[in-house]
Amino acid sequence: MNASLENIKNGINELDQFNSTKGQGTTRILFTDVELEAREYIKDKMKMNGLTVEEDAIGNIFGVLEGQDPKLPPIWSGSHIDTVKHAGKFDGMAGVIAALEAQRMIKEAGMKHKRTIKSVVFTSEEPTRFGLCCLGSRALAGELQRKDLREICDEDEESLEQVLERLGYDLNAFHLIKKSNHDVYASVELHIEQGAVLEQLGKPIGIVDAIAGPSNITVTIEGVQEHAGSTPMPIRVDALTAASEIVLKVEALAKGSSSEHTVGTVGFMEVYPNASNAIPGKVTFTIDLRDSDMAVKEEVLQELLSSFKEIESKRQVSIHYVVDNHDQPMHCDNHINSMIEKICLRKSIDYNRMISGAYHDSIFVGKFAPISMIFVPSQGGLSHNPNEWTDFEDIKLGTEILAESLLTLANE
């Protein structure tokens, strides 16, 4: 089966037209006008491909290619269409378009399959609007409850519950979203790597062995806001210098970890009063720790939190923190990965077994079904960036491997 380069290119480029920051990267935030239009585009595309369209109470979209025995648990493939602000056009979208193309290939080739094959668009993989990622896949895994919807709010203090109700979603059916073990036979997600490993190795395909689980911590440090000119250095209680020690501690712990996959980032910081002639009296910032080994990540996290007490005592500041989430890494299914590996070997396609440092909806799908991910290279490793780029030929190759993988699984 051969994928259509034209279909893939057109699908990604057409989807990119639904964009609120044209000329400044791609911005398509959950349930904004452009995102709602993109949803309709995808549903129309599914119908044109002869698929039945389904949508659940949080907005996950399914394109259904029915199998010979619809009672069997189906195969899933898909990703997301929402973005961070000023992003690129491939993150998530490549996986959605690849899943649709794989279904088209199987259908038009007349290939028989016992199991139903579903393409999936997961609601809001990015945390851009509501501050919580993977809303749709969390709900599918049962880790987002109906009661949580009114507590999750955007910058305008509009709750997710209010938004869903305003858009006409039936929240009385929210309990039907959750999937149990054996509801889905297997899921394979194609995604751009969002790193530079495949490019550096010169390999067109990555087979993901595990997805790193993030731990996110929000830290607030309170010092004393004072005049920058009249306060002697020995008596200052500077919240920002204390925060700086923690930032460097995050870097040191990640670099010194026993795992090569540990990463730590401070990517957001607010300084009060943020004035050039005032000593900062308060700083709020976030820490993102990730690893594919939960035990290693736990060890790094505990050492980091212990250091807060030392810095607090040394600098006479008050440090308050909240561990917003401490997610388990997700290991991909050995059987599916071995099957993908055999497809690559048979086709003489070079590949790399690897870890995903980035978060994906598959981490939650893996809580109720066996999963795997196929990576295609990211030029320069860039992602969440207007210059994000993956060659369409690489997506075509990944789609052909995806289609064969889905068909094989659908006949097991």
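Residues numbered from 1 in each chain as written. Predicted model: local features only at pLDDT ≥ 70, side-chain atom pairs only at ≥ 80, totals over all residues. Heavy atoms only, no water.

Asks: Would you mind going over the pattern of salt bridges with me for this structure?
Replies: Oppositely charged side chains are able to pair whenever their charged atoms sit close together. Applying the stated criterion across every chain, the model contains 25 salt bridges. The partner of Glu251 in a salt bridge is Lys255, with the nearest N and O atoms 3.7 Å apart. Taken together, the residues span about one helical turn, with Glu251 and Lys255 both in helix α7 (residues 239-255) at a distance of four residues. Of the residues examined, Glu251 reaches a relative accessible area of 39% and is grouped as partly exposed. For Lys255, a relative accessible area of 68% corresponds to the exposed category. (Salt bridge = Lys/Arg side-chain N within 4 Å of Asp/Glu carboxyl O. Helix = DSSP H or I, 4+ residues; strand = E, 2+ residues; numbered from the N terminus. Buried < 20%, exposed > 50% of the residue type's maximum accessible area, 1.4 Å probe, protein only.)

Asks: Before we go on, may I ask you to explain helix α9 (residues 334-346) in this structure?
Replies: Because an α-helix completes one turn every 3.6 residues, residues spaced three or four positions apart along the sequence face the same direction. The terminal C-alpha atoms of α9, which comprises 13 residues, lie 18 Å apart, in line with the 18 Å expected from a rise of 1.5 Å per residue. Listed as buried for α9 are Ile336, Asn337, Met339, Ile340, Glu341, Ile343 and Cys344. Among the structural elements, β5 (186-192), β6 (205-211), β15 (351-356), β16 (371-376) and α11 (392-410) are those in contact with the buried residues of α9. Ser348 sits one or two residues past α9 and shows a positive phi near 55 degrees. (Expected span 1.5 Å × (residues − 1). Contact = heavy atoms within 4.5 Å.)

Asks: What exactly am I supposed to notice about the packing of helix α2 (residues 33-48) against helix α3 (residues 93-108) here?
Replies: The axes of two packed helices give the description: the angle between them and the distance between them. Running from N to C, α2 and α3 point in directions that differ by 15 degrees, and their axes come no closer than 10 Å. If you check the angle between α2 and α3, you find them roughly parallel. Taken as a pair, α2 and α3 cross one another with a handedness that is right-handed. Two secondary-structure elements touch here, α2 through Ile42, Lys45 and Met46 and α3 through Val96, Ile97 and Leu100. Of the residues belonging to the contact of α2 with α3, the class tally is five nonpolar, no polar and one charged. (Axes fitted to C-alpha atoms, helices over the stretch in contact; angles between N-to-C directions. Parallel < 35°, antiparallel > 145°, perpendicular 65-115°, else oblique. Left-handed = near helix turned anticlockwise from the far one by under 90°. Nonpolar A, V, L, I, M, F, W, Y, C, P; charged D, E, K, R; others polar.)

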